[in-house]
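Structure at a glance
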Amino acid sequence: MSGVGVEVSDGIASITLDNVKRLNALTLPMLDALEGHLTDLERDDTVYGVILTGAGDRAFCCGADIAAWGALRPADFARHWIRNGHRIFDRLARLSKPTIGVLNGHAFGGGLELAGCCDIRLMVPGAFLALPEAGVGIVPGWSGSQRLARLIPEPVLKEMALFGRRIEAERAKALGFVADVVVHPMSVAREIASGLRELSPRATEISKNMIHAAVGEDRGAMVEALGGAAAAASNDRDEGVTAFLDKRKPAFSGQ
């Protein structure tokens, strides 16, 4: 079992972290499965949006499974666990489709970092956010000191990472990290996601690229993606490709 399931209904994909006995702690197979699902969904033009949640009602994700990384040598920990996790989390953050994180319970450590990769977040009352890494002798490793610094005020982020303080749901909403605190966040997420069917997928993708370029989320790739799309829509692109295939000089019109 991969520990990560995906279902698609009416153009909305729901990804569920399913490791309930360990509060949906992330393992290597789960990370690999998540990456595979994200790759498939990126290529699926029938999917308008993606919802990410955890199984059960106690935790969205309590972070990385200590049993999965605790015995790794320092070099392997940095080279594989940290860098692979970053690649997969970036895949979620930079998905062209709008994403909603449904925090059906606590989001600690890597779980909070994963939630931060979603475009918006909903959270249940009574749930907490935390960065408890210092309690086991490590530091946030999947963008907790980077991406989260753009989403959570610096003093609050330090409160969690340096002092081990937990942030409850209503405060997370007041800080703007979560869009709303609701008893049934999955139902609300589906309602929000259903509205995507009335919007232009291309327009939402471009808007996401522009916002990411503004806040520094893979700015280089976002700028080049926007430029590439504009160039690819031109008559000059068609003429250039045709001329190359015909083995002749192109006659560009500037259109």
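Higher on the page you've got the structure.
Residues numbered from 1 in each chain as written. Predicted model: local features only at pLDDT ≥ 70, side-chain atom pairs only at ≥ 80, totals over all residues. Heavy atoms only, no water.

What follows covers the sheet that holds strand 2 (residues 12-17). Strands sit in the order 1-2-3-5-7-10 across an open sheet of 6 strands; the sheet is mixed. Single-partner strands in this sheet number two, and they are strand 1 (4-9) and strand 10 (180-181). Relative to strand 10, strand 7 (residues 120-123) is paired through 2 bridges, and the arrangement is parallel. When the bridges of strand 10 are listed, L122 appears paired with D180. Along the sheet, helix 1 (residues 28-43) makes contact with strand 1, strand 2 and strand 3 (49-54), crossing strand 1 at roughly 20°. (Pairing = 2+ DSSP bridges. Helix = DSSP H or I, 4+ residues; strand = E, 2+ residues; numbered from the N terminus. Contact = heavy atoms within 4.5 Å. Axes fitted to C-alpha atoms, helices over the stretch in contact; angles between N-to-C directions.)

For the structure on display, the rule yields 18 salt bridges. Here E159 makes a salt bridge to R171, at a shortest N to O gap of 3.0 Å. Here the residue E159 occupies a position in helix 6 (residues 154-163), and R171 occupies one in helix 7 (residues 169-174), the gap between them amounting to 12 residues. The class for E159 is buried, based on a relative accessible area of 16%. Owing to a relative accessible area of 30%, R171 belongs among the partly exposed residues under this scheme. Among the charged side chains, a network of salt bridges with common partners joins D90, R94, R147, R150, E217 and D218. (Salt bridge = Lys/Arg side-chain N within 4 Å of Asp/Glu carboxyl O. Buried < 20%, exposed > 50% of the residue type's maximum accessible area, 1.4 Å probe, protein only.)

At S143, a position not held by glycine, the phi torsion is positive, near 95°. Residue placement: S143 occurs in the loop between strand 8 (128-130) and helix 5 (147-151). Taking the relative accessible area as the measure of exposure, S143 reaches 4% and is therefore buried. Phi at D218 is positive, roughly 55°, even though this residue is not glycine. With respect to the helices and strands, the residue D218 is situated in the loop between helix 9 (201-215) and helix 10 (219-232). Of the residues examined, D218 reaches a relative accessible area of 26% and is grouped as partly exposed.

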